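Each chain, written out:
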Amino acid sequence: MKLYTKDHEWIVLEGEVATFGITTYAQEQLGDVVFVELPDAGRALTKGAEAAVVESVKAASEVYAPLDGEVIEANAKLSDDPGLVNLEPETGGWFVKMKVAAGVDTSDLMDETAYEAFVQTL
(Lines give C-alpha, C1' and ligand atoms only; values in the text may rest on other atoms or scores of the structure.)
Protein backbone atom coordinates (compact mmCIF):
# COMPACT_ATOMS: atom_id res chain seq x y z
CA MET A 1 0.00 0.00 0.00
CA LYS A 2 1.37 3.42 -0.99
CA LEU A 3 0.84 6.31 1.41
CA TYR A 4 1.83 9.99 1.26
CA THR A 5 2.89 12.77 3.63
CA LYS A 6 2.03 16.47 3.54
CA ASP A 7 5.76 17.06 2.96
CA HIS A 8 5.46 15.21 -0.39
CA GLU A 9 7.13 11.93 0.48
CA TRP A 10 5.62 8.63 -0.61
CA ILE A 11 6.03 5.41 1.34
CA VAL A 12 5.27 1.79 0.50
CA LEU A 13 4.87 -0.54 3.48
CA GLU A 14 5.60 -4.24 3.05
CA GLY A 15 5.43 -5.91 6.44
CA GLU A 16 8.05 -4.24 8.65
CA VAL A 17 9.98 -2.84 5.68
CA ALA A 18 9.12 0.50 4.12
CA THR A 19 10.52 2.14 0.99
CA PHE A 20 10.19 5.89 0.55
CA GLY A 21 11.12 8.78 -1.71
CA ILE A 22 9.70 12.04 -3.00
CA THR A 23 6.49 12.35 -4.96
CA THR A 24 6.08 13.28 -8.59
CA TYR A 25 4.68 16.64 -7.42
CA ALA A 26 7.81 17.30 -5.31
CA GLN A 27 10.24 16.51 -8.10
CA GLU A 28 8.26 18.72 -10.50
CA GLN A 29 8.61 21.61 -8.02
CA LEU A 30 12.35 20.99 -7.63
CA GLY A 31 13.19 20.75 -11.32
CA ASP A 32 16.25 18.85 -12.52
CA VAL A 33 17.76 16.93 -9.59
CA VAL A 34 21.57 17.13 -9.60
CA PHE A 35 22.53 15.59 -6.24
CA VAL A 36 20.99 13.40 -3.54
CA GLU A 37 22.48 12.90 -0.07
CA LEU A 38 21.19 9.71 1.52
CA PRO A 39 21.59 8.28 5.04
CA ASP A 40 23.86 5.33 5.79
CA ALA A 41 22.50 1.90 6.66
CA GLY A 42 21.95 1.56 10.39
CA ARG A 43 20.97 5.19 10.92
CA ALA A 44 17.90 5.71 13.08
CA LEU A 45 15.21 7.86 11.46
CA THR A 46 12.61 9.85 13.35
CA LYS A 47 9.27 10.63 11.75
CA GLY A 48 9.25 14.23 10.54
CA ALA A 49 13.03 14.69 10.93
CA GLU A 50 15.48 15.10 8.06
CA ALA A 51 16.34 11.80 6.41
CA ALA A 52 17.96 12.96 3.17
CA VAL A 53 18.76 16.05 1.10
CA VAL A 54 17.94 16.53 -2.56
CA GLU A 55 19.51 19.31 -4.61
CA SER A 56 18.23 20.57 -7.93
CA VAL A 57 19.12 23.35 -10.32
CA LYS A 58 16.54 25.46 -8.44
CA ALA A 59 17.10 24.65 -4.76
CA ALA A 60 18.15 22.21 -2.06
CA SER A 61 15.41 20.56 -0.08
CA GLU A 62 15.23 18.28 2.93
CA VAL A 63 13.45 14.96 2.68
CA TYR A 64 11.76 13.93 5.91
CA ALA A 65 11.33 10.45 7.34
CA PRO A 66 7.67 9.47 6.96
CA LEU A 67 7.90 7.02 9.89
CA ASP A 68 10.24 6.05 12.73
CA GLY A 69 12.68 3.29 11.89
CA GLU A 70 16.19 2.28 10.90
CA VAL A 71 17.79 2.56 7.47
CA ILE A 72 18.35 -0.83 5.85
CA GLU A 73 19.50 0.45 2.46
CA ALA A 74 19.89 3.70 0.54
CA ASN A 75 19.39 3.73 -3.23
CA ALA A 76 23.03 3.69 -4.42
CA LYS A 77 21.91 4.32 -8.02
CA LEU A 78 21.08 7.91 -7.06
CA SER A 79 24.74 8.67 -6.30
CA ASP A 80 25.68 8.02 -9.93
CA ASP A 81 22.41 9.12 -11.51
CA PRO A 82 20.45 11.64 -9.35
CA GLY A 83 18.30 12.43 -12.40
CA LEU A 84 16.59 9.08 -11.79
CA VAL A 85 14.51 11.01 -9.25
CA ASN A 86 13.09 13.08 -12.14
CA LEU A 87 12.56 10.10 -14.43
CA GLU A 88 11.05 7.67 -11.89
CA PRO A 89 10.27 9.58 -8.68
CA GLU A 90 7.85 7.00 -7.29
CA THR A 91 9.56 3.83 -8.53
CA GLY A 92 13.27 3.53 -9.46
CA GLY A 93 14.08 6.91 -7.88
CA TRP A 94 13.30 5.70 -4.35
CA PHE A 95 15.57 7.04 -1.59
CA VAL A 96 15.58 4.67 1.39
CA LYS A 97 14.44 1.24 2.55
CA MET A 98 13.92 1.14 6.29
CA LYS A 99 12.85 -1.25 9.02
CA VAL A 100 9.81 0.39 10.57
CA ALA A 101 9.68 0.73 14.34
CA ALA A 102 7.20 -1.55 16.11
CA GLY A 103 3.74 -0.09 16.67
CA VAL A 104 4.29 2.80 14.27
CA ASP A 105 1.26 5.02 13.61
CA THR A 106 0.34 5.67 9.97
CA SER A 107 -2.98 7.37 10.67
CA ASP A 108 -1.73 10.81 9.56
CA LEU A 109 -0.54 9.53 6.18
CA MET A 110 -2.77 9.92 3.11
CA ASP A 111 -3.81 7.46 0.45
CA GLU A 112 -3.39 8.46 -3.20
CA THR A 113 -6.85 10.01 -3.52
CA ALA A 114 -6.41 12.13 -0.39
CA TYR A 115 -2.90 13.18 -1.48
CA GLU A 116 -4.11 14.23 -4.94
CA ALA A 117 -6.86 16.30 -3.30
CA PHE A 118 -4.26 17.85 -0.96
CA VAL A 119 -1.99 18.82 -3.89
CA GLN A 120 -4.95 20.54 -5.60
CA THR A 121 -5.18 22.92 -2.63
CA LEU A 122 -1.57 24.10 -3.04
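Just above, that's the structure.
Structure report, in brief. Worth saying up front: this structure is predicted, and the values here are computed from it rather than measured. (Residues numbered from 1 in each chain as written. Predicted model: local features only at pLDDT ≥ 70, side-chain atom pairs only at ≥ 80, totals over all residues. Heavy atoms only, no water.)

With respect to the nonpolar core
Membership of the largest hydrophobic core comes to 27 residues, with the highest contact counts inside it found for Ile11, Phe20, Val36, Leu45 and Phe95. Elements that contribute at least two residues to this core include exactly strand E2 (9-14), strand E3 (17-22), helix H1 (24-30), strand E4 (33-37), strand E6 (50-56), helix H3 (84-87) and strand E9 (96-100). In this structure phenylalanine 20 touches Trp10, Ile11, Leu45, Ala51, Val63, Tyr64, Ala65, Pro66, Trp94, Phe95, Val96 and Met98, once residues within four positions along its chain are discounted. Counting eight residues, the second largest nonpolar core, distinct from the first, contains Tyr4, Trp10, Val12 and Phe118. (Core = buried A, V, L, I, M, F, W, Y, C linked by side-chain atoms within 4.5 Å. Buried < 20%, exposed > 50% of the residue type's maximum accessible area, 1.4 Å probe, protein only. Helix = DSSP H or I, 4+ residues; strand = E, 2+ residues; numbered from the N terminus. Contact = heavy atoms within 4.5 Å.)

Description of the packing of aromatic side chains
Going through the model one piece at a time under the given rule, you end up with two aromatic pairs. Ring centres of tyrosine 115 and phenylalanine 118 lie 6.3 Å apart, and the angle between their planes is 40°; this geometry places the pair in the tilted category. One end of the pair, tyrosine 115, and the other, phenylalanine 118, are both in helix H4 (residues 112-120), three residues apart, so they sit about a helical turn from each other. Ring pairs connect the aromatic residues Tyr4, Tyr115 and Phe118, which therefore count as one cluster. Stacked on the ring of tryptophan 10, the Lys or Arg lysine 2 has its end atom at 5.0 Å from the ring centre. Taking the ring centre of tryptophan 94 as reference, the NZ or CZ of lysine 97 above it sits at 4.9 Å. (Phe/Tyr/Trp six-rings, centres within 6.5 Å; stacked < 30°, edge-to-face > 60°. Lys NZ or Arg CZ within 6 Å of the ring centre and 35° of its normal.)

A word on the sheet that holds E3
Two orientations exist for strands paired in a sheet by backbone hydrogen bonds: parallel and antiparallel. On the basis of which strands lie adjacent, the open sheet formed by six strands has the order E1-E2-E3-E9-E8-E5 and antiparallel pairing. Both outer strands of the open sheet, strand E1 (2-4) and strand E5 (44-45), are each paired with one neighbouring strand and no more. As paired elements, E3 and E9 share four bridges and run antiparallel to each other. If you follow valine 17 over to E9, its bridge partner there is lysine 99. (Pairing = 2+ DSSP bridges.)

Honestly, it's all geometry; don't read function into it.
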